[in-house]
Amino acid sequence: MFQIGEFSKLANVSIRSLRHYDKIGLLVPEKINTETNYRYYSAKQLQAINKIQKLKEIGLGLSVINEILSSGSDVKTIQSHFAIRELELQEELETITQQRLLLESSLAVLKENSAKWDYHIIKKEIPKRFVASVRDIIPSFASEGVLWERLYGEIMPQQAQFAKEAFSMAIFHDEAYRDADVDVEVQVALKTAEYDSRNGIAFKEAPEVSVASVIINGSYEQMTAVTEAVAIWLENHEYQLNGPMFNIYHVSIATEPNPENWVTEACFPIKEENHEV
């Protein structure tokens, strides 16, 4: 028989851990002197402590280890817990892989332009919603205000009720970049679509869409840097574009004349990358 200090050395386990194992019933001393309260362990208990340490290395919790040992190391019990742990490790590996990719992309962005570090890109869902919409070819992006004037000029007389989250957005439908005669749609979310569609204004239901989203503080001059950062994010997270990008205006020129105070959410519709050749 070995006192707890001696057993601790033989087992390479701290006295504190042995006392904890005793407390939770995982490894109870072979004998406890009732007068001195000294704990004594037997040589055969080294086999049990070795099993405990091995199972801990796999990543199993003490409660699970206790269940396995209490079952007499039943094969089916062990297989069940090993299978669960394998799934957990796969999920952990995926998380670590994504974190590594994010780290690599962040380093790449920092090397290219330290300002891009300010752009935090996330995947999110823009929900299905009712909208008032107008789409037209306008001379340039700077002419977008004309569409907003047309939209509000129609919905205000109809006393349209805005949704709790307005999702005031501009959608850029051109398949390739154009610096003139651009295809733009502006939308605002409403509580219902039950209004009269007329004068080019449509009331409809807009579908849910998955997007890579990034908040831009300040003027739109940052868009080139933003799209570069998003492109890196898409490659590293294995997504591809899935429709026209759009901007959601949280604070815009409509309410704030100072561009430094504008808040725009640039959204890039995405889907998982297709690896088929």
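Residues numbered from 1 in each chain as written. Predicted model: local features only at pLDDT ≥ 70, side-chain atom pairs only at ≥ 80, totals over all residues. Heavy atoms only, no water.

**Some details on the overall build of the protein**
Now for step 1: Within the protein one finds seven helices and twelve strands.
Now for step 2: A globule of 277 residues ought to have a C-alpha radius of gyration of about 19 Å, yet the protein, at 31 Å, is considerably larger.
Now for step 3: Burial statistics for the protein: of 277 residues in total, 36% are counted as buried.
Now for step 4: Of the contacts made within the protein by residues no fewer than 6 positions apart, 67% connect residues no fewer than 24 positions apart.
Now for step 5: Split by element, the accessible area of the protein, about 17200 Å² in all, is 51% carbon and sulfur.
Now for step 6: Within the protein, the 41 negative side-chain charges are centred at a point lying 12 Å from the centre of the 27 positive side-chain charges. (Helix = DSSP H or I, 4+ residues; strand = E, 2+ residues; numbered from the N terminus. Rg over C-alpha atoms; globule rule 2.2 N^0.38 Å. Buried < 20%, exposed > 50% of the residue type's maximum accessible area, 1.4 Å probe, protein only. Contact = heavy atoms within 4.5 Å. Areas by Shrake-Rupley, 256 points an atom, 1.4 Å probe, with all protein chains shown as cover. Lys, Arg positive; Asp, Glu negative; His and termini not counted. Charge placed at Lys NZ, Arg CZ, Asp CG, Glu CD.)

**Thoughts on the environment of isoleucine 126**
Now for step 1: Note that isoleucine 126 resides in strand S4 (residues 121–126).
Now for step 2: Classification of isoleucine 126 by relative accessible area gives buried; the value is 0%.
Now for step 3: Remark: the alpha-carbon pair of isoleucine 126 and methionine 1, spanning 125 residues in sequence, is separated by 67 Å.

**Quick word on a negative patch on the surface**
Now for step 1: A surface patch of like charges, here negative, comprises Glu235, Glu238, Glu272 and Glu273.
Now for step 2: For glutamate 273, the location among the structural elements is in the segment after strand S12 (263–272). (Patch = residues over 30% accessible without salt bridge, like charges linked within 9 Å, V, L, I, M, F, W, Y side chains within 5 Å. Salt bridge = Lys/Arg side-chain N within 4 Å of Asp/Glu carboxyl O.)

**Observations concerning unusual backbone geometry**
One can expect most non-glycine residues to show negative phi and most peptide bonds to be in trans.
Now for step 1: Even without a glycine there, the phi angle at asparagine 12 is positive, about 60 degrees.
Now for step 2: On the secondary structure map, asparagine 12 appears in the loop between helix H1 (4–11) and helix H2 (15–23).
Now for step 3: A positive phi angle is found at serine 73, which is not glycine, with a value near 60 degrees.
Now for step 4: Under the relative-accessibility criterion, serine 73 is labelled partly exposed at 21%.

**Remarks on the pattern of salt bridges**
Now for step 1: For the structure shown, the criterion picks out ten salt bridges.
Now for step 2: A salt bridge links arginine 85 to glutamate 92, with the nearest nitrogen and oxygen atoms 3.1 Å apart.
Now for step 3: Judged by its relative accessible area of 11%, arginine 85 is buried.
Now for step 4: A relative accessible area of 37% places glutamate 92 in the partly exposed class.

**Looking at H2**
Now for step 1: Buried within H2 we find Leu18, Tyr21 and Asp22. Down the axis of H2, the smallest arc covering the buried residues is 100 degrees, so these residues share one side. Exposed side chains of H2 directed beyond 90 degrees from the buried face belong to Arg16 and Lys23.
Now for step 2: Those residues of H2 hidden inside the fold are in contact with H1, strand S2 (31–32), strand S3 (39–41), helix H3 (45–58) and helix H4 (62–70).
Now for step 3: Note on H2: the residue one or two positions beyond its end, glycine 25, has a positive phi of about 80 degrees. (Arc of directions from axis to C-beta.)

**Considerations on the packing of H3 against H4**
Between two packed helices, what matters for the description is the angle formed by their axes and the separation of those axes.
Now for step 1: At a closest axis distance of 10 Å, the pairing of H3 and H4 adopts a crossing angle of 135 degrees. Classified by the angle their axes make, H3 and H4 are oblique. Of the two possible hands of crossing, H3 and H4 adopt the one that is right-handed. Along the contact surface, H3 presents Lys51, Ile52, Leu55 and Lys56, while H4 presents Leu62, Ile65, Ile68 and Leu69. (Axes fitted to C-alpha atoms, helices over the stretch in contact; angles between N-to-C directions. Parallel < 35°, antiparallel > 145°, perpendicular 65-115°, else oblique. Left-handed = near helix turned anticlockwise from the far one by under 90°.)

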